Amino acid sequence: MSRNETRQNVNVVMPLVNDILRYVHEKDKRFQVQPLNVGSYYSHLKVSRADEFDYSVVLDVGSSLDWGIGTPSYYGYNGSNELVLSWIPLPSPPPGKCLIEVGGLTQRWNNEGLNEGPACLTIDDHIIPIRVKRRFKVLVSEAVNRPHIYQFVDARRLSESPATTLIISHPNIVGDTISVDLTPLIKSHASFQPEFGWPRSGAIWPSCIKIQEIIAEGIHGVAKDPLYWSLSFVMCEKKLLDGIDSNGTCRKKSQRIMKKIRESWCPKGTKQVITSYHLQNILFWECESRPSDEEWTNEQLSIRIESMCHLLIQNIQRGNLPLYFHTGVNLLENKDRDVLDKVVQNIYRFLNNPEHYLI
């Protein structure tokens, strides 16, 4: 990416994002103004253009959370597809999901006039993901619909993604459009559990100091599914990437190359069954299995890329790519098998004739 082009796009994006989040905060002070900078751009893993930016918007629940038994969650959808109290408790969350309950939260928000009508985010002190996502989406849409914003920004409709996506068109940006994802997040700072399988006994990478930094960061929650919160390791991942090449290694460089050649494995217009997030987890697994910096010198770059390609193929063929920080989560779950098979074929084509892709 050209630094001048990147700086130019950032100078357009940030004032618009800050304006939108200030509006959201004025309408609902539970959503904090200052976002968390996440994603490929801020981890220095972006390739080609600075046309995608990711921010996590913190929902302030007034206290740090941790795992607990809690009370059963009695809510669900009725016959009219409305979220209501239920006589039947929700089943236990599947791997990678959780429920978030804060004692006395509903009463506190009610007393502050924050939790009325469409602004109600809770049922019996449980914070409901779909309500958070809808509330945030509505406020962002209101912010975008103001005259000085809507001429440059379009907010996409609510989707299964936890993010609200903005498409920015502006005469001062480089390229056609810029995509900005704003994702509501609860900073729970919850601790790692034994069933997550991390940190792994006997693993040399990452270092003990880095492990302690990641543990201190903790696990957060994002509103992806309607009823369960999805565990978010976004800040743990950012912490792990921070300083990953402090000894002059090529870990991030190898990741950028993998992301670039992924565009030929998963061309635009096809199902993106393998995303940058899959490749990031492949990088982490490769780093753990190849912990020595000597295996990540620039002279070893092609070897590491070939190794990660084979690792990705192995995971696709067995239908399971474990999330690095929680091995109970399969990142390939519910992915189209036929499309994945085509991706494997494309990776083999690259391995058999890499010069064709790297010219």
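Throughout what follows, the structure given in this document is the object of discussion. (Residues numbered from 1 in each chain as written. Predicted model: local features only at pLDDT ≥ 70, side-chain atom pairs only at ≥ 80, totals over all residues. Heavy atoms only, no water.)

1. Let's talk about helix α9 (residues 276-289)
So, point 1. Taking 1.5 Å per residue, 14 residues should reach 20 Å; α9 reaches 20 Å between its end C-alpha atoms and fits that length.
So, point 2. With 11 of its 14 residues buried, α9 lies for the most part within the structure.
So, point 3. Those residues of α9 that are buried lie in contact with α7 (234-241), α8 (251-265), α10 (301-318), β13 (322-323) and β14 (326-330). (Helix = DSSP H or I, 4+ residues; strand = E, 2+ residues; numbered from the N terminus. Expected span 1.5 Å × (residues − 1). Buried < 20%, exposed > 50% of the residue type's maximum accessible area, 1.4 Å probe, protein only. Contact = heavy atoms within 4.5 Å.)

2. Focus on α7
So, point 1. Within α7, 6 of the 8 residues are buried, which leaves it mostly tucked inside the rest of the structure.
So, point 2. Considered for burial, the residues of α7 that qualify are Val234, Met235, Cys236, Glu237, Leu240 and Leu241.
So, point 3. Of the residues flanking the end of α7, it is Gly243, one or two places downstream, whose phi is positive at about 75°.

3. What to know about the pattern of salt bridges
So, point 1. Throughout the structure, instances matching the rule amount to 13 salt bridges.
So, point 2. Residues Arg135 and Asp28 are paired through a salt bridge, measuring 3.1 Å at the closest nitrogen-oxygen approach. Taken together, the residues span a long stretch of sequence, with Arg135 in helix α4 (residues 129-144) and Asp28 in the loop between α1 (3-27) and β1 (36-38) at a distance of 107 residues. For the pair Arg135 and Asp28, one class covers both residues: buried.
So, point 3. Here Glu295 makes a salt bridge to Arg290, at a shortest N to O gap of 3.4 Å.
So, point 4. Taking the relative accessible area as the measure of exposure, Glu295 reaches 24% and is therefore partly exposed.
So, point 5. Note on Arg290: relative accessible area 34%, which makes it partly exposed.
So, point 6. Connected via shared salt-bridge partners are Asp28, Arg30 and Arg135. (Salt bridge = Lys/Arg side-chain N within 4 Å of Asp/Glu carboxyl O.)

4. Describing unusual backbone geometry
So, point 1. Of note, the bond from Trp198 into Pro199 is cis; its omega dihedral lies within 30 degrees of zero at -5°.
So, point 2. Positionally, Pro199 belongs in the loop between β10 (178-190) and α6 (208-217).
So, point 3. Of note, the amide linkage connecting Trp205 to Pro206 takes the cis form, showing an omega dihedral of -5°.
So, point 4. One non-glycine residue with positive phi stands out, namely Asp124, at about 50°.
So, point 5. Non-glycine residue Asn334 carries a positive phi angle of around 65°.
So, point 6. Note on placement: Asn334 falls in the loop between β14 and α11 (337-352).

5. With respect to the environment of His220
So, point 1. Looking at the element boundaries, His220 is found in strand β11 (residues 219-222).
So, point 2. Relative accessible area serves as the criterion here: at 1%, His220 is assigned to the buried category.
So, point 3. Along the sequence, His220 and Lys187 sit 33 residues apart, while their C-alpha atoms lie 4.9 Å from each other.
So, point 4. Excluding anything up to four places from it in sequence, His220 contacts Leu185, Ile186, Lys187, Ser188, His189, Ser230, Leu231, Ser232 and Met235.
So, point 5. A polar contact is formed between the side chain of His220 and the backbone nitrogen of Ser188, at a distance of 3.3 Å. (Polar contact = N/O pair within 3.5 Å; in protein donor to acceptor, adjacent residues only side chain to side chain.)

6. Quick word on the pairing of β11
So, point 1. Going residue by residue along β11, you find Ile219 and Gly221 tucked away on one face and His220 and Val222 tucked away on the opposite face as well.
So, point 2. Pairing geometry for β10 and β11, over 3 bridges, is antiparallel. By the bridge assignment, Ala190 is partnered in β11 with Ile219.
So, point 3. Summarising the sheet, β11 and strand β12 (residues 229-232) pair through 3 bridges and their orientation is antiparallel. Across the sheet, Val222 pairs through a bridge with Ser230, a residue of β12.
So, point 4. Hairpin connection from β11 to β12: 6 residues lie between these consecutive antiparallel strands. (Pairing = 2+ DSSP bridges.)

7. A short note on the nonpolar core
Generally speaking, nonpolar side chains in soluble globular proteins are found buried as a group.
So, point 1. Residues Ile127, Val180, Trp265 and Ile274 are the most contacted members of the largest nonpolar core, which totals 92 residues.
So, point 2. Tallying contributions element by element places α1 first for this core, with 9 residues.
So, point 3. Leaving out residues up to four positions away in the same chain, Ile274 has contacts with Arg262, Cys266, Leu279, Leu312, Ile316, Leu332, Leu340 and Val343.
So, point 4. In terms of nonpolar packing, the next biggest core, distinct from the first, is built from 8 residues, Leu90, Ile130, Leu227 and Tyr228 among them. (Core = buried A, V, L, I, M, F, W, Y, C linked by side-chain atoms within 4.5 Å.)

8. Some remarks on the state of the cysteines
So, point 1. All told, the structure shown has 0 disulfides when counted by the stated rule.
So, point 2. You can see Cys250 has no disulfide; the closest cysteine sulfur is in Cys287, sitting 9.2 Å from it.
So, point 3. Owing to a relative accessible area of 1%, Cys250 belongs among the buried residues under this scheme.
So, point 4. Cys266 takes part in no disulfide bond, and the closest cysteine sulfur to it belongs to Cys309, at a distance of 12 Å.
So, point 5. Owing to a relative accessible area of 3%, Cys266 belongs among the buried residues under this scheme. (Disulfide = S-S within 2.5 Å.)

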